[in-house]
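What follows is the residue order along each chain.
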Amino acid sequence: MSKMSELSQILDDLISCGEKIIQTANAIKECFTETEAPADEPKKKPAKREAKAPEPETPSYTKEDVRALLAAKANEAGGQFKAQVKAIVKKYADGGSLTDVPADSYPALVKEVEGLADA
């Protein structure tokens, strides 16, 4: 056998091995990405999933976070928003103070306070 035909045979074997590795990798990948299908049913490629827009996550606030935001807004522009901030807190609180505001109302309260602007 000549050197060229021997080299050609080695390259063919190498290509064959590479193809087997690709087939094996694809089979392993299918095991982890495909749901159980009946054995007699031919395997199909998994359908592409449409990318969903991520749902906006509601930020979580601690009482200290909200208190700091309220204080900053109340003192902003020389205390211009102080009365409005107090009114918003009373809207969300039974007793009229931040201590009485339920924690699940913090995001709405913060959004409303952040919406205050110069009139």
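A brief structural summary. (Residues numbered from 1 in each chain as written. Predicted model: local features only at pLDDT ≥ 70, side-chain atom pairs only at ≥ 80, totals over all residues. Heavy atoms only, no water.)

1. A word on the packing of helix α2 (residues 63-75) against helix α3 (residues 82-92)
Describing two packed helices takes the angle between their axes plus the distance from one axis to the other.
Inference 1: One way to put it is that α2 packs onto α3 with a least axis distance of 7 Å and a crossing angle of 145 degrees. When α2 is examined against α3, the residues Leu70, Lys73 and Ala74 are found in contact with a partner set consisting of Lys82, Val85 and Val89.
Inference 2: In terms of residue class, the contact of α2 with α3 is built from four nonpolar, no polar and two charged. (Axes fitted to C-alpha atoms, helices over the stretch in contact; angles between N-to-C directions. Helix = DSSP H or I, 4+ residues; strand = E, 2+ residues; numbered from the N terminus. Contact = heavy atoms within 4.5 Å. Nonpolar A, V, L, I, M, F, W, Y, C, P; charged D, E, K, R; others polar.)

2. Considering a nonpolar patch on the surface
Inference 1: Taken together, the side chains of Met4, Leu7, Leu11 and Leu14 define a hydrophobic patch exposed on the protein surface, amounting to about 430 Å² of accessible area.
Inference 2: Note on placement: Leu14 falls in helix α1 (residues 3-33). (Patch = residues over 30% accessible without salt bridge, like charges linked within 9 Å, V, L, I, M, F, W, Y side chains within 5 Å. Areas by Shrake-Rupley, 256 points an atom, 1.4 Å probe, with all protein chains shown as cover. Salt bridge = Lys/Arg side-chain N within 4 Å of Asp/Glu carboxyl O.)

3. Concerning the pattern of salt bridges
Once the charged atoms of two side chains with opposite charge are near each other, the side chains can pair.
Inference 1: According to the stated counting rule, one finds two salt bridges in the structure shown.
Inference 2: The closest approach of N and O atoms between Glu76 and Lys73, which form a salt bridge, is 3.3 Å.
Inference 3: Using a relative accessible area of 36% as the deciding quantity, one classes Glu76 as partly exposed.
Inference 4: Under the relative-accessibility criterion, Lys73 is labelled buried at 11%.
Inference 5: The partner of Lys91 in a salt bridge is Glu112, and the shortest N-O contact between them spans 3.0 Å. Here Lys91, found in helix α3, pairs with Glu112, found in helix α4 (residues 106-114); they are 21 residues apart in sequence, far enough to count as distant. (Buried < 20%, exposed > 50% of the residue type's maximum accessible area, 1.4 Å probe, protein only.)

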